[in-house]
Amino acid sequence: MTTELDVVAIAVFAFFFILVTVMGFMAARWKRGETLAHIDEWGLGGRKFGTWVTWFLVGGDFYTAYTVIAVPAAVYAAGAYGFFALPYTIIVYPFVFLVMPKLWKRAKDHGYVTAGDVVFGQYGSRGLELAVAITGVLAVMPYIALQLVGMAAVIKALGLTGELPLAIAFIILALYTYSAGLRAPALIAFVKDIMIYIAVLAAVALIPWELGGYGAVFQAADQAFQAKGAGGLLLGGNQMVAYATLALGSALAAFMYPHTLTGIFASASANTIRKNAALLPAYTLLLGLLALLGYMGHAAHLNVASPNDVVPALFQTLFPSWFAGFAFAAIAIGALVPAAVMSIGAANLFTRNFWKAYVDPGVSHAGEAQVAKVTSLVVKVGALLVIVLLPTQFALDLQLLGGVWILQTLPAVVFGLYVGWFRAPALLAGWAVGFFGGSWIVWTDGLKPLHAVSFGGGSVTVYAGLLALAANIVVAVLVNLVAAPRVARTA
């Protein structure tokens, strides 16, 4: 893939980037309440986003720039195994339909802003609240950094070198997020999603035409996998359980992240969430089409240094410069929306579940909003420093651990919506076993998400996060059974 300056592509890219920058600063006046000096207004958009705004916002922070880059890259490198993202985004929406309206109502009724607020309100435990909040911040930080990986891929394709273009883009993002809060990514998400739909639909319609049709695409991919002796168009026998557990674990984790929960809490009603659970699978269709770009990379005989370069290389090789610039702008804007929501989600957690809980319990609403604004800036700077100063693999490894970590908050956040049996010490013990045990499994496996489990003379490969969650729940149940009689005797 050439790295020569593409002036036309850069001009188109700059136009759309400037457009969303203007929209980001204008968003402070969009659907505005009496003041932005309130964390409900700055961090949750006043909790009044309707069906369409929520659809674009949740889709915008769920299907990110890194998704656009990474899913085709996984399919390019591993074949069918890279399609695990499809069943996971199908499984997740029934979960959203059933669970999230209840969680939204709990948050709305009590003025909760974060998952940590929900947990403290349910169990009255600062320890459990802090565990959930720390897990959320740790899990989302590398996720923000990976949005920069997606943006860096298209900046490199434009022929721009050095870290300055990336830094400028993120500084602009930081400024309008500070100014407008959640309204900025919510407004920009409209443009971002429409642009990505146009780019992907054009790609899956026109690229196969250039390459001789889908038959030729699949044949070329099959030959490439056979030549390197790894990957394939179909799952192997030992991949079935791994594929299924990775999809299930990823689905359960997806809406535990601070950014996805922020989109849920910002919704205007429980019915808005149910409608979105019915409408959001349209993004899964887009994701399936997007994944096929990985196979098209083989058919186009691309010479790329990394699988992450496949999508930019396809657009640059097979489309005119102006459309490549448009597609690259879509991907870059696709980094800004989720990165903004992620930083807001992390800032909300820090403000409500650390600053207010331990530093300044009497902080005013305006003070909360100010702390959250400053924290959002710090989070973005931290993510930028990770990409600039550390190898990209560092962010990738941390994000892999992040999925295992955030899954361990599910019992504390969700179980209390349905049963009142669990106690905070039991859930905290379960979280600790799942968090540290899951981290140990992933670390000893060489930072791989899958773990081989032996039984009956054979073995199956299972997603480490799901193993850790199972241990989490078992420990929570056992500790609760031991502790419950003592509580009853004390009473």
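## Here's the deal with the confidence of the model for the protein
With 95% of its residues at a pLDDT of at least 70, the protein reaches an overall mean of 88. At the low end of the mean pLDDT range in the protein sits helix α19 (residues 392-407), at 80; at the high end sits helix α20 (residues 410-414), at 97.

## Quick look at the environment of G362
Positionally, G362 belongs in the loop between α17 (321-359) and α18 (365-389). For G362, a relative accessible area of 67% gives the class exposed. Sequence spacing of G362 and V453 is 91 residues, and the spatial spacing of their C-alpha atoms is 50 Å.

## With respect to a nonpolar patch on the surface
Side chains of F97, L98, Y418, V419, W421, V474, L478 and L481 sit close together on the surface and give an oily, nonpolar patch of about 770 Å² of accessible area. Of all the elements in the fold, those that place two or more residues in the nonpolar patch are α5 (85-110) and α22 (464-490). With three residues, α22 is the largest single contributor of residues to the nonpolar patch. Secondary-structure assignment places L481 in helix α22. Look at L481 and you get partly exposed, because its relative accessible area is 48%.

## Focus: the side chain of T177
Checked against the element boundaries, T177 lands in helix α8 (residues 164-180). What T177 contacts, discounting residues up to four positions off in sequence, is W42, A340, S343, I344 and K380.

Definitions and cut-offs
- Here the residue numbering is sequential within each chain, running from 1 through the sequence in written order.
- Thresholds applied to this predicted model are a pLDDT of at least 70 for local features of residues and 80 or more for the giving and counting of side-chain atom pairs; totals over whole chains, interfaces and linings are not thresholded and use all residues.
- Only hydrogens and water are set aside when side-chain values are computed; all heavy atoms of the structure are taken into account.
- Values of pLDDT, ranging from 0 to 100, describe the predictor's confidence in every residue of the model.
- By definition, any uninterrupted DSSP run of H or I lasting at least four residues is a helix, any uninterrupted run of E lasting at least two residues is a strand, and each is numbered from the N terminus.
- Only protein chains enter the calculation, and the probe is 1.4 Å; a residue is then buried if its accessible area is under 20% of its type maximum, exposed if over 50%, and partly exposed in between.
- Two joining distances apply to patches: 9 Å for like charges and 5 Å for nonpolar side chains (Val, Leu, Ile, Met, Phe, Trp, Tyr), and every residue must have over 30% relative accessible area and no salt bridge.
- Note on areas: these come from Shrake-Rupley sampling with a 1.4 Å probe, and a residue is covered only by the protein chains present in the view.
- Counted as salt bridges are all cases of a side-chain nitrogen of Lys or Arg within 4 Å of a carboxyl oxygen of Asp or Glu.
- Only heavy atoms enter the contact rule, under which two residues are in contact if any of them lie within 4.5 Å.

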